[in-house]
Amino acid sequence: MAEYTLNTPLTDADVEQLRAGDVVFLNGIIYSARDAAHKKLIELLDAGKELPFDLKGAAIYYVGPSPAPPGRPIGSAGPTTSYRMDTYAPRLHSLGMKASIGKGKRSDEVKEAMKQYKGVYFGATGGAGALLSNSIVESTVIAFDELGPEAIRAMKVKDFPLLVINDCFGGELYVKPKLDTAG
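Conventions and cut-offs
Residues numbered from 1 in each chain as written. Predicted model: local features only at pLDDT ≥ 70, side-chain atom pairs only at ≥ 80, totals over all residues. Heavy atoms only, no water. UniProt positions renumbered as here; feature names shortened; annotations may be inferred. Helix = DSSP H or I, 4+ residues; strand = E, 2+ residues; numbered from the N terminus. Salt bridge = Lys/Arg side-chain N within 4 Å of Asp/Glu carboxyl O. Buried < 20%, exposed > 50% of the residue type's maximum accessible area, 1.4 Å probe, protein only.

The chain appears in an unreviewed UniProt entry as Hydro-lyase, Fe-S type, tartrate/fumarate subfamily, beta subunit from Pseudodesulfovibrio aespoeensis.

On to the UniProt feature "domain: Fe-S hydro-lyase tartrate dehydratase beta-type catalytic" (unreviewed entry) in the chain. UniProt tags residues 5-174 as "domain: Fe-S hydro-lyase tartrate dehydratase beta-type catalytic" (unreviewed entry). With 22% helix and 28% strand, residues 5-174 has end C-alpha atoms that lie 23 Å from one another.

Here the focus is the pattern of salt bridges. This model, assessed by the stated rule, comprises 12 salt bridges. For R84, the salt bridge goes to D35, with nearest N and O atoms at 2.9 Å. With R84 in the loop between strand 3 (59-61) and helix 3 (89-94) and D35 in helix 2 (residues 35-46), this residue pair connects regions lying 49 residues apart in the sequence. Among the ionic pairs, D46 bridges to R91, the shortest N-O distance being 2.5 Å. Of the two residues, D46 is situated in helix 2 and R91 in helix 3; the sequence distance between them amounts to 45 residues. D46 gets classed as exposed once you look at its relative accessible area, which sits at 56%. One network of salt bridges, in which partners are shared, links D108, K111 and E172.

Here's what the structure looks like:
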């Protein structure tokens, strides 16, 4: 297991050095998007319209943050379950997205897209949304304001702590839970 500090937008070289189990501290701009926002992004693509942000090198965080308390750029910002975006992720990888951030396992189709297009899946610690929000230093809604907490935000992060779950070579970090069978 290695430790890296990376900046967005991510490059092929950034992604190719990572292996499942590595720790990454991410800096720069990441974008928030959950189910409804992903659906709208795909609708824009299908209509031949421009997206609200450049996918090339992008990292998308599957999060719907809580409202920002006074003096803070964002409220609690914990990851949502990633498989709900698995229908959309392969297409976004094909258009330049380099990373997704969430929790839980990914589908075989997403894993294949990460291998084909040099992408990576980062795990963010579920249940630690308040702690993770400390690494978000700016947050601005850039699209789909009508979605409320699920609007797309450009979020500037500083040393955002992540774990590589799936790398671009097919490596996967998965810990099988041990069940206590002793009576």
